[in-house]
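One-letter residues, chain by chain:
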Amino acid sequence: MNLTSKEYMEYLVLAAKKIDDNGNYITSLDAITGDGDHYTNMQLGFSKLTENADEFALLSLSECFRKIGMTLMSAIGGSSGALYGSAYISASKVLMDKETIDTPLLLEILSTMLDAIKKRGDADVGMKTMIDALAPAVDVFRDGLTAGIDSSSLFEAVKQAADNGAQSTKDMEAVKGRAYYQANKGVGHIDPGAMTMAYQIETLMDYISEL
Ligand code: ADP
Ligand code: MG
C-alpha cells in the first residue's frame, strides 16, 4: 500500500461523498446532541477539498496535508474546523520529505492526528467526541501491525473499530462539546462528530484495500 497526494485527494473526494450521502442522519444527530450544524460544517469543508482536489494532488504530501488543514480550518466555522485543521497541519509535519505513505506511516499519521485533536480539544477518550471513533481505530491499527496480520484483515479491523467506537458514544455522557450542555448530556444518541470521523476512516480503509 502506497499513497501519494493524488491518491489521498481521491480518498477525500470519496469521503466527501460518504458524508453527503449521510447528511440528513448527521444533521439529526447534531440536532439532538448539539446545534444541528455538523453536517453543514463538514459539507462546507469537504466540498472545498473536492473543488481543490486536482490542485492539491500535484503538491508534495506535506504541502498537500498542510493545505487540507488550512482549507478545513477556514471553511468550517464550528469546532470541527479547528480540530481537523490541527490534525492535518500536525500530520503535514510528519510528512516532511516523504514521497509516499506506506502502512506504518499511515498509522503514524492517524496517531499524530489523534494527538493533535486531543490537545486542541483538551479532550480524551470517553468524552463523547470524534476521538471515540479515531482512538480505537489507531489502537487496532497499531496492534494489528505489530502482530503482523495481513493487510486486508488489518484494514477491515481498523474500519470496524472506528464504527464500533462511533456507536459506543451512544451510551456516553458528554464531557466536551455542545452535548455537555444538553440536560441528559446526549446519553442515548451517537455523537455526530464520532460518526463523521468513522465515515472518513471507513472510506480510507476501503480505498486502500482496493489499491
Ligand atoms: P460545533 O460543536 O462548534 O457546533 P460541529 O457541530 O461542527 O461544531 O462539531 C461537533 C463535533 O465536534 C462533536 O460532535 C464532537 O465530535 C466534536 N467536538 C466538539 N468539541 C470537541 C472537543 N473539545 N474535542 C474533541 N472533539 C470535539
Ligand atoms: Mg454543531
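One structure accompanies this document, and this report is about it. (Residues numbered from 1 in each chain as written. Chains lettered and ligands numbered in written order. Predicted model: local features only at pLDDT ≥ 70, side-chain atom pairs only at ≥ 80, totals over all residues. Heavy atoms only, no water.)

### With respect to the coordination of the magnesium ion (ligand 2)
D30 (OD), D35 (OD) and D37 (OD) make up the full set of protein donors to the magnesium ion (ligand 2), lying at 2.0 to 2.6 Å. Each donor residue of the magnesium ion (ligand 2) belongs to the same chain, with the gaps between them written as D-x4-D-x1-D. Residue classification places D30 among the buried positions, given a relative accessible area of 7%. Residue class for D37 comes out partly exposed when judged on its relative accessible area of 25%. (Donors = N, O, S within 2.8 Å, 3.2 Å for Na, K, Ca; no water. Buried < 20%, exposed > 50% of the residue type's maximum accessible area, 1.4 Å probe, protein only.)

### Considerations on the site of ligand 1
Close to ligand 1 lie 20 residues, the nearest being N41, S79, S80, R178 and D191. The separation between an oxygen atom of ligand 1 and a polar side-chain atom of N41 is 2.8 Å. Within the side chain of S80, an N or O atom sits 2.5 Å from an oxygen atom of ligand 1. Relative to its unbound accessible area of 560 Å², ligand 1 is 92% covered by the protein chains. Secondary structure elements with two or more residues in the shell around ligand 1: α3 (38–56), α5 (79–94) and α9 (192–209). Here the shell around ligand 1 is built from residues that sort into five nonpolar, nine polar and six charged. (Near = heavy atom within 4 Å. Polar contact = N/O pair within 3.5 Å; in protein donor to acceptor, adjacent residues only side chain to side chain. Areas by Shrake-Rupley, 256 points an atom, 1.4 Å probe, with all protein chains shown as cover. Helix = DSSP H or I, 4+ residues; strand = E, 2+ residues; numbered from the N terminus. Nonpolar A, V, L, I, M, F, W, Y, C, P; charged D, E, K, R; others polar.)

### So, the environment of D115
For D115, the location among the structural elements is in helix α6 (residues 103–121). The class of D115 is partly exposed, set by a relative accessible area of 46%. Measuring from C-alpha to C-alpha, the distance between D115 and I131 comes to 9.4 Å, with 16 residues separating the pair along the chain.

### Focus on the side chain of N41
Looking at the secondary structure, you find N41 in helix α3. Beyond its immediate chain neighbours, meaning those up to four positions away, N41 contacts I76, G77, G78 and S80. (Contact = heavy atoms within 4.5 Å.)

### Notes on the pattern of salt bridges
This structure, assessed with the given rule, holds nine salt bridges. One salt bridge in this structure joins E202 and K18, with 3.5 Å as the shortest N-O distance. With E202 in helix α9 and K18 in helix α1 (residues 5–21), this pair connects stretches of sequence that are 184 residues apart. With a relative accessible area of 12%, E202 lands in the buried category. Relative accessible area serves as the criterion here: at 28%, K18 is assigned to the partly exposed category. With its nearest N and O atoms 3.0 Å apart, the salt bridge here joins R66 to E63. Of this pair, R66 and E63 both sit in helix α4 (residues 61–75), separated by three residues, roughly a single helical turn. (Salt bridge = Lys/Arg side-chain N within 4 Å of Asp/Glu carboxyl O.)

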